[in-house]
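Working through the structure, step by step
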Amino acid sequence: MSAASADPREHSHRHLVKFRAMVPHDVPGVGAVERDSYAFPWSEGIFRDCLRVGYLCRVAEMEGGIVAYGVVALGAGEAHILNLCVRGDMRGRSVGRQMLMLLLERARQAGMTDAFLEVRPSNTLAIALYQSVGFVQVGLRKGYYQAVEGREDALVLRLDLTAESGVVERPC
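The sections below set out a description of the structure shown in this document. (Residues numbered from 1 in each chain as written. Predicted model: local features only at pLDDT ≥ 70, side-chain atom pairs only at ≥ 80, totals over all residues. Heavy atoms only, no water.)

Details of the overall build of the chain
- The number of helices and strands found in the chain is 5 helices and 7 strands.
- Across the 172 residues that make up the chain, the buried fraction comes to 41%.
- Considering only residue pairs separated by 6 or more positions, the chain has 62% of its internal contacts joining residues 24 or more positions apart.
- Accessible surface, the chain as shown: approximately 9300 Å² in total, 52% of it carbon and sulfur. (Helix = DSSP H or I, 4+ residues; strand = E, 2+ residues; numbered from the N terminus. Buried < 20%, exposed > 50% of the residue type's maximum accessible area, 1.4 Å probe, protein only. Contact = heavy atoms within 4.5 Å. Areas by Shrake-Rupley, 256 points an atom, 1.4 Å probe, with all protein chains shown as cover.)

This is how it looks when you write it as structure tokens:
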């Protein structure tokens, strides 16, 4: 079977997704993706505050709509990935991986030596993505996340951004 006859989603989406800096008029679209993805979403005000204080905020858009976003705080040599989310219908199409790699590269360019993030243990797809680029667990925050039935722990993951070979993608 030729590549042309394969599932068009597997090939065409990479050309249609555009990554760029988040701007204030993106916040409603980002908020919609956030609300559709999480039981306890960030408010649009939080995203506006992230832009206002100068966090690294990026969006991925396709056909004029926001399909993913990422927010990273940079400081003291560390990048802290605060939020990375992909719209439900776009998951599994490498958009999250591309966003993660973009955020990590920007952090490296800004002189950060380490990247950290928290992730719910129940978010196995995200954990697999983070581990595939070299993140390792370095801690556990008990009761970190609000959950439908109480609280959920957070795994704390770290990536060394100074490794000579840089971020190495490993198969999931």
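Having seen the structure, we can now continue with the description.
Points about the pairing of strand β6 (residues 136–147)
- Sheet analysis places β6 next to strand β7 (residues 150–160), joined by 8 bridges and oriented antiparallel. The residue of β7 that forms the bridge with Q137 is L157. (Pairing = 2+ DSSP bridges.)

A look at the sheet that holds strand β2 (residues 56–62)
- With respect to topology, 7 strands assemble into an open sheet ordered β1-β2-β3-β4-β5-β7-β6, the strand pairing being mixed. The outermost strands of the open sheet, each flanked by one partner alone, are β1 (18–21) and β6. Each neighbouring strand pair of the sheet contributes to a mean axis angle of 25 degrees, computed without reference to strand direction.
- Contacts from helix α5 (residues 124–132) reach β4 (78–86), β5 (114–119) and β7, with the element oriented near 165 degrees to β5. (Axes fitted to C-alpha atoms, helices over the stretch in contact; angles between N-to-C directions.)

Things to note about the nonpolar core
- Among the nonpolar cores identified, the biggest contains 33 residues, and I81, V95, L100, L104, V119, Y130 and F135 are the most heavily contacted of them.
- Sorting the residues of this core by element identifies β2, β3 (65–75), β4, α4 (95–109), β5, α5 and β7 as the ones contributing at least two each.
- Those residues in contact with F135, other than ones at most four positions away along the chain, are I81, L100, L104, A115, L117, Y130, L157, R158 and L159.
- Core analysis: the second largest hydrophobic core is formed by 12 residues, V27, C50, I66 and Y69 among them. (Core = buried A, V, L, I, M, F, W, Y, C linked by side-chain atoms within 4.5 Å.)

Digging into the state of the cysteines
- In this structure the tally under the stated criterion is 0 disulfides.
- Free of any disulfide, C57 has its nearest neighbouring cysteine sulfur in C50, separated by 5.4 Å.
- Residue classification places C57 among the buried positions, given a relative accessible area of 3%. (Disulfide = S-S within 2.5 Å.)

Section: the side chain of R58
- One can find R58 in strand β2.
- In this structure, R58 is buried with no salt-bridge partner, the nearest side chain bearing the opposite charge being D26 at 9.2 Å. (Lys, Arg positive; Asp, Glu negative; His and termini not counted. Salt bridge = Lys/Arg side-chain N within 4 Å of Asp/Glu carboxyl O.)

Quick word on α5
- When we look at burial in α5, the residues that qualify are A126, I127, L129, Y130 and S132.
- Each element contacted by the buried residues of α5 is listed here: β4, α4, β5 and β7.
- Positive backbone phi, approximately 110 degrees, marks G134, located one or two places after α5.

Regarding the layout of surface pockets
- Of the pockets and cavities examined, the largest pocket occupies roughly 1100 Å³.
- Forming the walls of the largest pocket are 35 residues, and the residues nearest its centre are Y38, L84, N123, A126 and Y130.
- Elements that contribute at least two residues to the lining of the largest pocket include exactly α2 (27–37), β4, α4, β5, α5 and β6.
- With 7 residues, the top contributor of residues to the lining of the largest pocket is β4.
- Split into classes, the residues belonging to the lining of the largest pocket amount to 20 nonpolar, 9 polar and 6 charged. (1 Å grid on protein atoms, 1.4 Å probe; cavity = no way out; pocket = protein on both sides within 12 Å on 5 of 7 lines; lining within 4 Å. Points joined across faces, edges and corners; volume = space filled by probe spheres on them. Nonpolar A, V, L, I, M, F, W, Y, C, P; charged D, E, K, R; others polar.)

Some thoughts on the packing of aromatic side chains
- The full count for this structure, using the stated rule, is 4 aromatic pairs.
- A centroid spacing of 4.9 Å and a plane angle of 90 degrees characterise the contact between Y144 and Y145, whose relative ring orientation is edge-to-face.
- Pairwise contacts between aromatic rings join W42, F47 and Y69 into one cluster. (Phe/Tyr/Trp six-rings, centres within 6.5 Å; stacked < 30°, edge-to-face > 60°.)

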